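# Secondary and tertiary structure notes
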Amino acid sequence: MTAIVLRRIGWSVLVVWFVVTATFALVAVAPGSPVHAMVGPHASQRTKDLVSAQYCVDEGLVTRYGCWLATLGDGLGTSFRTERKVTDILGDRVWPTVQLALAAIVLQLLIGIPLGVVSAVRRGRWPDRLASGFTVLAQSAPAFFVATVLVYLLAFRFELFPLGGYGDGFWDRLHHLVLPALTLATLGVAYYARVIRSELGDTLGQDYVRTARAKGLPERTVVWRHALRPALPPLVTVIGLDLGMLVGGAVVIEQIFSWPGLGREMLQAILDVDMPVILGIVLVTAVAIAIANLAVDLVQLWLDPRLRE
């Protein structure tokens, strides 16, 4: 068990290093210079040269990579645009994105699992057809379209929720969180429901499920206590991937709802060619995905002891 965990941690560190290094190379060779964004179009050439030397912008690729590695122990460097420490920027943006990601995951579980269970138990009947139609519609609708519809109906037309923003205080922030989380969860609900329907449909035909029914146990107990748990490992994998990607930032959703998270900050950093911020957000995203994958492996080992061998 310990060897498995250590091996997974080693691979995770290697993957994080590769992702960050590849991102650095792509940003470094991309057209455009951050110097223009930092000093403005009317700065003298001497000023541009001084800024380039200060931020190690015009050096070779290997030298620039070395300059960035040197900043890892000093707050991941300084933003070209705001001259703030990247760690300070990430500290302000991570928690809003984490709130949004966790809220979306909770909604996906609360809606997707019951929907998948009903669809599997009533396979071929009208509840299954209704649930399948919803999942197809949810998977086909782009996030910006879902966000637009929800904003128009629930925020503009009926004024149940605010149009956007972060909110002040717990309840006000929760009120602002509903629409972006619901929009972000729409696609996940469809995936979760389909995974549960597929896996639970196979599990319900197993011998131990028939034995539980033969003992006279209620159908609800058979489904939720005996059949559902073996169907969860694939869903756990999907949850881990979702959580890692959501923590990385949902750019479209955060932009539409003016949610001050990592996705919105990443978009602005890309527009300004702000390499330290881009690399900082990529590093956080890669670490979040690696941790989520490691957690998924541990949960699967707990759910299925056969994997420990």
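Residues numbered from 1 in each chain as written. Predicted model: local features only at pLDDT ≥ 70, side-chain atom pairs only at ≥ 80, totals over all residues. Heavy atoms only, no water.

## Some thoughts on the overall build of the chain
Here is the rule: A run of DSSP states H or I qualifies as a helix once it reaches four residues; a run of E qualifies as a strand once it reaches two. Both are numbered from the N-terminal end. Burial here depends on accessible area, computed with a 1.4 Å probe over protein chains only, as a share of the maximum for the residue type. Under 20% is buried, over 50% is exposed, and the range in between is partly exposed. Working rule for contacts: check all heavy atoms of both residues, and any pair within 4.5 Å makes them a contact. Only the protein chains shown count as covering a residue, and every accessible area follows the Shrake-Rupley method with a 1.4 Å probe.
Helix and strand counts for the chain come out as 14 helices and 0 strands. Looking at the chain as a whole, 40% of its 309 residues qualify as buried. Counted over contacts in the chain with a minimum sequence separation of 6, partners at least 24 positions apart contribute 70%. Taken as a whole, the chain presents about 17100 Å² of accessible surface, with 65% of it coming from carbon and sulfur.

## Remarks on the nonpolar core
Soluble globular proteins: nonpolar side chains tend toward being buried together. For the record, the criterion: Buried Ala, Val, Leu, Ile, Met, Phe, Trp, Tyr and Cys residues form a nonpolar core when they are joined through side-chain atoms within 4.5 Å.
Counting residues in hydrophobic clusters, the biggest one holds 39 residues, and the most contacted among them are Val117, Leu184, Ile196, Leu200 and Leu235. If one sorts the elements of this core by residue count, helix H8 (residues 170–203) sits on top with 9 residues. Beyond its immediate chain neighbours, meaning those up to four positions away, Leu200 contacts Val117, Ala120, Val223, Ala227, Leu228 and Ala231.

## Points about the packing of H8 against helix H11 (residues 232–247)
Put simply, the rule reads: Note on geometry: axes are C-alpha line fits, over the in-contact stretch for helices, and angles between N-to-C directions span 0 to 180 degrees. With respect to orientation, any angle under 35 degrees is reported as roughly parallel, any angle over 145 as roughly antiparallel, any angle of 65 to 115 as roughly perpendicular, and every other angle as oblique. For any helix crossing, the convention is left-handed if the near helix is rotated counterclockwise from the far helix by under a right angle, and right-handed if that rotation is clockwise. When residues are sorted by character, Ala, Val, Leu, Ile, Met, Phe, Trp, Tyr, Cys and Pro go into the nonpolar class, Asp, Glu, Lys and Arg into the charged class, and all the rest, Gly among them, into the polar class.
Where H8 contacts H11, the two axes come as close as 9 Å, and the packing angle between them is 165°. Looking at the two axes, H8 sits roughly antiparallel to H11. The two elements H8 and H11 meet at a crossing, and its hand is right-handed. Facing H8, whose interface residues are Leu184, Tyr192, Val195, Ile196 and Glu199, H11 presents Leu232, Pro234, Leu235, Val238, Ile239, Asp242 and Leu246. In terms of residue class, the contact of H8 with H11 is built from 10 nonpolar, no polar and 2 charged.

## A word on the packing of aromatic side chains
Note the following rule: The pairing test for Phe, Tyr and Trp rings, Trp by its six-membered ring, is centres within 6.5 Å, and the orientation test on the planes gives stacked under 30 degrees, edge-to-face over 60, and tilted for anything in between.
Summed over the entire model, instances satisfying the criterion amount to 3 aromatic pairs. Here the aromatic rings of Tyr166 and Trp259 are separated by 4.9 Å at their centres, their planes lie at 75°, and the arrangement is edge-to-face. Within this pair, whereas Tyr166 is found in the loop between helix H7 (143–157) and H8, its partner Trp259 is found in the loop between helix H12 (251–256) and helix H13 (262–271), the two being separated by 93 residues in sequence. Trp259 gets classed as buried once you look at its relative accessible area, which sits at 0%.

## With respect to helix H10 (residues 219–227)
Heads up, the condition is: Directions from the helix axis toward the C-beta atoms define the arc.
Regarding H10, the residues found buried are Val222, Val223 and Ala227. Projected down its long axis, H10 shows its buried positions confined to an angular sector of 90°, all on one face. Those residues of H10 that are exposed and angled more than 90 degrees off the buried face are Arg220 and Arg225.

## Details of the environment of Leu72
Checked against the element boundaries, Leu72 lands in the loop between helix H4 (61–70) and helix H5 (86–121). Residues Leu72 and Thr87 lie 15 residues apart in sequence; the distance between their C-alpha atoms is 9.9 Å.

## Topic: the pattern of salt bridges
Keep this limit in mind: Salt-bridge detection follows one rule: a side-chain nitrogen of Lys or Arg within 4 Å of a carboxyl oxygen of Asp or Glu.
Scanning all chains against the criterion turns up 5 salt bridges. For the salt bridge of Glu265 with Arg93, the shortest nitrogen-to-oxygen distance reads 3.1 Å. In this pair, Glu265 sits in helix H13 while Arg93 sits in helix H5, placing the two residues 172 residues apart along the sequence. Arg213 is the salt-bridge partner of Glu219, the closest N and O atoms lying 2.8 Å from each other. Classification of Arg213 as partly exposed rests on a relative accessible area of 34%.

## Things to note about the side chain of Thr285
What counts is decided by this rule: Counting of polar contacts relies on pairs of N or O atoms within 3.5 Å, with two restrictions inside protein: one atom must be capable of donating a hydrogen and the other of accepting it, and residues adjacent in sequence are counted only when both atoms are side-chain atoms.
By the element assignment, Thr285 lies in helix H14 (residues 275–303). On the accessibility criterion, Thr285 (16% relative accessible area) is buried. There is a polar contact of 2.8 Å between the side chain of Thr285 and the backbone oxygen of Ile281.

## Quick notes on the confidence of the model for the chain
Our working rule: Values of pLDDT, which run from 0 to 100, indicate the predictor's confidence residue by residue.
Across the chain, the average pLDDT comes to 82, with 87% of residues at or above 70. Averaged pLDDT values over the elements of the chain bottom out at 65 in helix H2 (residues 34–39) and peak at 90 in H5.

## Concerning unusual backbone geometry
With the exception of glycine, the majority of residues adopt a negative phi angle, and the majority of peptide bonds are in the trans configuration. Not every positive phi belongs to a glycine, and Glu159 is a case in point at roughly 55°. With respect to the helices, strands and loops of the structure, Glu159 is situated in the loop between H7 and H8. Exposure remark for Glu159: the relative accessible area of 66% places this residue in the exposed category. Positive phi values are uncommon outside glycine, yet Ser258 reaches one of about 55°. By the element assignment, Ser258 lies in the loop between H12 and H13.

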